[in-house]
Amino acid sequence: MRQSELELSEIELETSWRKRLQADFDSETMLELHKFLREEKALGKTIYPAVDEIFAALNATPFDAVKVVILGQDPYHGPGQAHGLCFSVRPDVPVPPSLRNIYKELAGDVNFVPPKHGCLYEWAQQGVLLLNSVLTVEGSLAASHKGKGWEKFTDSVVNQLNDEAENIVFVLWGNYAQKKGEMIDRQRHLVLQSPHPSPLSVSRGFYGNHHFTKINEYLRTHDKTVIDWQLSG
């Protein structure tokens with residue numbers, strides 16, 4: 001086994017996901033991705049999130065626990081923001097604009113009371129996989145790791161859920177997520193789509209999409225425990 005492959009495969013990953021994704025870790029794409037990340041580090045570039053949080057979304061929500069998938073694009077690129085869950089930030093970090101807009105929709109949809117923080121880990125613990133398409137980013141440079149190989153890895157995550165699980169709700173906000181979700185079987189799963197909650201597009205149909213109510217209605221119909229969207233704090 002080549003050293004770059006060994007190093008990447010040693011990053012902590014929850015057992016059920018490791019079993020399903022081992023072939024991806026062994027692929028040439030992942031070896032090239034790890035080489036890229038190592039070279040970026042050697043150049044002194046800051047990469048978010050921290051190495052032990054790259055797979056935080058998968059570690060927080062094991063395969064059999066997944067009921068909902070919210071697809072993001074890439075991690076926040078500001079200091080201290082990204083911690084491996086899409087749209088989420090650490091509890092002591094100001095709530096970013098897109099997440100503030102998500103909170104506004106929640107308030108109108110399910111009487112959600114916005115907390116003072118932006119950490120969505122409680123959702124992940126209930127079965128909401130908060131998955132970015134790209135799992136790393138260079139500090140202060142949005143989308144800087146796009147096209148480096150993460151997309152194939154996260155496509156594999158989506159494909160595993162699409163093929164092996166049943167009655168998952170896939171939430172696709174914005175064109176990027178909708179394109180990534182084209183492979184999802186609409187007969188087997190529920191797919192919810194709307195514009196992105198970014199300030200640039202939120203007023204084009206994100207507000208009023210009632211996705212949080214629709215998610216729980218679908219889960220209830222399929223005898224699954226609904227998500228308590230209210231966050232503590």
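Parameters and conventions
- Residues numbered from 1 in each chain as written.
- Predicted model: local features only at pLDDT ≥ 70, side-chain atom pairs only at ≥ 80, totals over all residues.
- Heavy atoms only, no water.
- Helix = DSSP H or I, 4+ residues; strand = E, 2+ residues; numbered from the N terminus.
- Expected span 1.5 Å × (residues − 1).
- Buried < 20%, exposed > 50% of the residue type's maximum accessible area, 1.4 Å probe, protein only.
- Polar contact = N/O pair within 3.5 Å; in protein donor to acceptor, adjacent residues only side chain to side chain.
- Contact = heavy atoms within 4.5 Å.
- 1 Å grid on protein atoms, 1.4 Å probe; cavity = no way out; pocket = protein on both sides within 12 Å on 5 of 7 lines; lining within 4 Å.
- Points joined across faces, edges and corners; volume = space filled by probe spheres on them.
- Nonpolar A, V, L, I, M, F, W, Y, C, P; charged D, E, K, R; others polar.
- Core = buried A, V, L, I, M, F, W, Y, C linked by side-chain atoms within 4.5 Å.
- Pairing = 2+ DSSP bridges.
- Axes fitted to C-alpha atoms, helices over the stretch in contact; angles between N-to-C directions.

Q: When you look at helix H5 (residues 97–110) in this model, what are you seeing that I'm missing?
A: The α-helix advances 3.6 residues per turn, and as a result positions three or four apart in sequence lie on the same side. For H5, built from 14 residues, the straight-helix expectation of 20 Å at 1.5 Å per residue is met to within 8% by its first-to-last C-alpha distance of 20 Å. Turning to H5, its buried residues number three or more, namely Ser-98, Leu-99, Asn-101, Ile-102, Tyr-103, Glu-105, Leu-106 and Asp-109. Following H5 by one or two positions, Asn-111 has its phi on the positive side, about 55 degrees.

Q: How should I be thinking about the side chain of Lys-180 in this particular structure?
A: Structurally, Lys-180 can be placed in helix H8 (residues 175–180). A distance of 3.3 Å separates the side chain of Lys-180 from the side chain of Ser-133, its partner in a polar contact. Once residues within four sequence positions are removed from consideration, Lys-180 is found in contact with Leu-71, Ser-133, Glu-151, Thr-154 and Asp-155.

Q: Teacher, can you tell me more about the layout of surface pockets here?
A: Leftover empty space is mapped by rolling, across the atoms, a probe with the size of a water molecule. In this structure, the largest pocket encloses a volume near 610 Å³. Lining the largest pocket are 41 residues, and of these Gln-73, Asp-74, Tyr-76, Phe-87 and His-196 sit closest to its centre. Residue assignment for the lining of the largest pocket shows that the elements contributing at least two residues are helix H4 (56–60), strand E2 (68–72), H5, strand E3 (128–132) and H8. Here the lining of the largest pocket takes four residues from H8, the largest share from any one element. Grouping the amino acids of the lining of the largest pocket by side-chain chemistry returns 24 nonpolar, 16 polar and one charged. Of the volumes computed, that of the second largest pocket is approximately 160 Å³. Taken together, twelve residues make up the lining of the second largest pocket; nearest its centre are His-34, Leu-37, Lys-41, Val-51 and Ile-54.

Q: Help me out: how do you make sense of the nonpolar core in this one?
A: General note: in soluble globular proteins, nonpolar side chains tend to be found buried as a group. The biggest cluster of nonpolar side chains holds 71 residues, and the ones touching the most others in it are Trp-17, Phe-55, Trp-123, Leu-129, Trp-150, Phe-153 and Leu-161. If we skip the residues at most four places from it in the chain, Leu-161 touches Trp-17, Phe-63, Val-66, Val-69, Leu-129, Phe-170 and His-189.

Q: Is there a simple way to explain the environment of Pro-94 in this structure?
A: On the secondary structure map, Pro-94 appears in the loop between E2 and H5. Sequence separation between Pro-94 and His-117 is 23 residues, and the spatial gap between their C-alpha atoms is 6.8 Å.

Q: What should I look at first to understand the pairing of E2 in this one?
A: With respect to burial, E2 is a largely interior element, five of its five residues being buried. Going residue by residue along E2, you find Val-68, Ile-70 and Gly-72 tucked away on one face and Val-69 and Leu-71 tucked away on the opposite face as well. As judged from the five bridges shared by E2 and E3, these two strands associate in the parallel manner. The partner of Leu-71 across the bridge, within E3, is Leu-131. Here four bridges tie E2 to strand E5 (residues 169–173), and the two strands are oriented parallel to one another. Looking across to E5, one finds that Val-68 is bridged to Val-169.

Q: Looking at this structure, I do not really get the sheet that holds E2. What am I missing?
A: The pairing of strands in a sheet comes from backbone hydrogen bonds and takes either a parallel or an antiparallel form. Strand order in the open sheet formed by four strands is E3-E2-E5-E6, with parallel pairing between adjacent strands. Strands with a single pairing partner mark the edges of an open sheet, and in this sheet they are E3 and strand E6 (190–194). Ignoring strand direction, the axes of neighbouring strands in this sheet form an average angle of 20 degrees. Sheet topology note: the E5/E6 ladder contains five bridges and is parallel. Each bridged residue has a counterpart across the sheet, and for Leu-172 the counterpart in E6 is Gln-193. Against the sheet, helix H7 (residues 150–164) touches E2, E3 and E5, its axis set at about 150 degrees to E3.

Don't take any of this as a statement about function, it's just geometry.
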